Amino acid sequence: MKRLILPLLLLGTAAQAQPAPPTVIAIPPLTSPDSGTLGNQMLAVGWDATQVIADDLAQTSELSPLKPNRDDYYAYPEVTAPTFSKYRAAGAKALVMGFVQSRPDGRLTFGCYVYDVEKGRELARKGFVLTQGEWRRAAHKCAGIAYTALTGSPGVFDTRIAYVAETGSGEARVRRIAVMDSDGQNHHLITDGKSIVLTPRLSPHGHELAYVTFAEGQPNVRIVDLASSKERPLLPGGAITFAPRYSPDGSKIVFSMTNGDNTDVYVVDAAGGQPRRLTTSPAVDTDPSFSPDGSRIVFESDRSGSQQLYLMNADGSGQKRISFGNAAYAAPDWSPDGQWIAFTQRGPASRRVGVIKPDGTGESVLSSGPADDGATWAASSRALLFQHNDTSGRPTLYRVPLDGSRPEPVKIPQGGSDPDWSGAMD
Amino acid sequence: MRRVILMFAAAVAAVASTASAQLPGLRKYTPADHARQQPQAAPVLQGIDAERAEFAAQAGGTTVYFGIGSAILGAPAKTVLTAQAAWIRRHPDVVVRVEGYGDTGDTRDHAVAMAAQRANVARDYLLLMGVPAAQVSAASFGKERAGLGRAVTILVR
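Everything quoted here is computed from the prediction, not taken from an experiment.

K.L.:
Could you clarify how one ought to interpret the overall build of chain B in this entry?
P.N.:
Along chain B, the regular secondary structure elements total 5 helices and 4 strands. Starting at the N terminus and ending at the C terminus, chain B contains elements arranged as α-α-α-β-α-β-α-β-β. Out of the 157 residues in chain B, the part that is buried amounts to 43%. The long-range share in chain B, meaning contacts at least 24 apart out of those at least 6 apart in sequence, stands at 68%.

K.L.:
Would you mind going over the sheet that holds strand β9 (residues 197–202) of chain A with me for this structure?
P.N.:
All names here are of chain A. A sheet is described by the order of its strands in space; here 4 strands give the open sequence β9-β10-β11-β12, paired in antiparallel fashion. With one partner strand each, in any of the chains shown, β9 and β12 (231–233) form the two edges of the open sheet. Across the sheet, the axes of successive neighbouring strands diverge by a mean angle of 25°, strand direction being ignored. The sheet contact formed by strand β11 (residues 220–225) and β12 spans 3 bridges and is antiparallel. Paired with I223 across the two strands is R232, which belongs to β12.

K.L.:
Can you help me understand the pairing of strand β6 (residues 160–167) of chain A in this one?
P.N.:
Each regular strand carries side chains that alternate between the two faces of the sheet. Residue and element names in this part refer to chain A. Burial within β6 is extensive, with 7 of its 8 residues counted as buried. Bridging between β6 and strand β7 (residues 174–181) involves 8 bridges; their strand directions are antiparallel. By the bridge assignment, I161 is partnered in β7 with M180. From the end of β6 to the start of β7, which pair antiparallel, there are 6 residues, and G168 there has a positive phi angle of about 65°. Pairing of β6 with strand β29 (residues 415–421) involves 5 bridges; the strand directions are antiparallel.

K.L.:
Just checking my understanding: could you explain the interface of chain A and chain B for this structure?
P.N.:
Accessible area lost during the coming together of the parts is what is often quoted as the interface size. With 28 residues of chain A at the interface, the matching set in chain B holds 16 residues. Among the secondary structure elements, those contributing two or more residues to the side of chain A that touches chain B are β9, β13 (240–246), β14 (252–259), β17 (285–290), β21 (328–334), β22 (341–346) and β25 (373–377) of chain A. With 3 residues, the single largest contributor to the side of chain A that touches chain B is β13(A). Class assignment of the residues belonging to the side of chain A that touches chain B gives a composition of 9 nonpolar, 12 polar and 7 charged.

K.L.:
Explain the domain arrangement of chain A here, please?
P.N.:
Residues and elements named next belong to chain A. The assigned domain composition of chain A is domain 1 (23–151) and domain 2 (160–421). Here domain 1 and domain 2 have C-alpha centroids that lie 36 Å from each other. Contact with domain 1, which involves 4 residues of that partner, is made by 5 residues of domain 2. Considering only residue class, the side of domain 1 that touches domain 2 consists of no nonpolar, 1 polar and 3 charged.

K.L.:
Hey, could you run me through the sheet that holds strand β8 (residues 188–189) of chain A in this one?
P.N.:
Paired through their backbone hydrogen bonds, the strands of a sheet run either parallel or antiparallel. Here 4 strands make up an open sheet; going across it, the order is β8-β7-β6-β29 (chain A) and the pairing antiparallel. Edge positions in the sheet fall to β8 and β29 of chain A, since each has one partner strand and no second.

K.L.:
Please clarify how unusual backbone geometry should be interpreted in this entry.
P.N.:
Residues and elements named next belong to chain A. Residue P370 is reached from G369 by a cis peptide bond, and omega for that bond is 10°. Residue placement: P370 occurs in the loop between β24 (364–365) and β25. For S229, which is not a glycine, the phi torsion comes out positive at approximately 65°. Along the chain, the position of S229 falls in the loop between β11 and β12.

K.L.:
So what exactly am I meant to see when it comes to the pairing of strand β5 (residues 121–130) of chain A here?
P.N.:
All names here are of chain A. With 9 bridges connecting them, strand β4 (residues 108–116) and β5 associate as antiparallel partners. Note on β5: the bridge partner recorded for F110 is F128. The turn joining β4 and β5, which pair antiparallel and follow one another in sequence, is formed by 4 residues; a positive phi near 65° is taken by G120.

Rules used throughout
- Residues numbered from 1 in each chain as written.
- Chains lettered and ligands numbered in written order.
- Predicted model: local features only at pLDDT ≥ 70, side-chain atom pairs only at ≥ 80, totals over all residues.
- Helix = DSSP H or I, 4+ residues; strand = E, 2+ residues; numbered from the N terminus.
- Buried ≥ 20, exposed ≤ 12 C-beta atoms within 10 Å, placed from the backbone.
- Contact = placed C-beta atoms within 7 Å.
- Pairing = 2+ DSSP bridges.
- Axes fitted to C-alpha atoms, helices over the stretch in contact; angles between N-to-C directions.
- Nonpolar A, V, L, I, M, F, W, Y, C, P; charged D, E, K, R; others polar.
- Domains from an automatic or database assignment.

This is the structure we're talking about:
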């Protein structure tokens, strides 16, 4: 695949520098080969999809879409032969085109094309067949194709976010596990709010979710199937279990279990079975997260006297400290591309999120606190989602790119904490 | 440094109010805390509420406090737990649960482990003071309820 060369900054050394200017991308309204009333219906779907694509790409720090203009109509044959000079004149470096066509079976064909305007050549194309109700997902997929063609990274638009939806405060504070599409659509509440719940973690393709509930009086990990809403405990019995995370292939779950004074990292088959202990330190070992190839695990331990980040092999061997900064480091999450580990840095008066390389170099803090926590990766490995308390102390969700841009709030109905961002859906 | 200031604040509070001396710890007590610790004069409490009030009064409080990031019992905490143990041993029919709480500044999951450790340390001290294991359990609430790091002994039966 051919890619535009973007002036990407080197992370770590340049995270405090000015972010690179985004690539301007034109997204004229999707067209349709259909005519008459049907054609008008397809153009209406195309216009809605065009706005979703533009909104998706506007969220990224690398791309800057021109505002779609409904009068900027083009004919169906132009989808494969755009008038590049027109978009060049508008200042665009890249272009998304496409069409929506009705099928005899009532479904839609959705075509998506990405072009390099300067060089006048196609970078990517893809077609989808889907039901009328699925046009929004097709638009997210199209935005993802454009993002990948222009940046080389996986798109993050057809993904899900799980988090703890928070209402009220103090005695009236209610927390429920919520799942939504990454653009905020299809918002669902998974738990009823009667029990305190923490740290939802989606399985790799977002079909299942592990979370912690205090329903039995002690923190316990439960697994819920999102399609059937069926629930089961991760382990039988009443042991204190928390901090669950799936392995990249979804077959295992790493978590913490407390016995008496001692908290260690364990691993168990996602389907259930006998847990295997991976750490034996008398200190608190928690927040394990697999490397994307599943061969290693990063976790947090206070065995040195303060919370620090450690790596180990997936069988628990070869434990090695990687954080040595002048603070405590906690809550690691390994990036999908394997290059970075996100963390919470605990200073004397502030918690902030940042990233460090698995070899312990390139540390960079990306948020300003004072009570940030729970960083989780975008599928692109180019942005983090995290919990940030606003000035009134209410927990909210923020998103920050790795290139040094400012964190931006994520739209959710009310308060939110403990975010988790899935990979691309099937 | 911060801990020194907190201890100083607690000392000032203890001098200012004799009531605070019943619950030595690492923070300044508010009127709300004070009210919570006082057995209600009227209406007359019955059943477990009456027993809870008696337990709190005679054990010198239900709550012990920890320094930030610590699960070590200080001398004031041991005094309270010793009095709690004596009362529980005089009431072999009761069951108590020690609830541990983490620090609000901690990260989510580390706080769960710290809270469990605090509850367990307090429970172990009750056992050391002769309370039968069957009468006392331990639970962790992480940092999910407001207040400073502490362990609270709750009469459950």
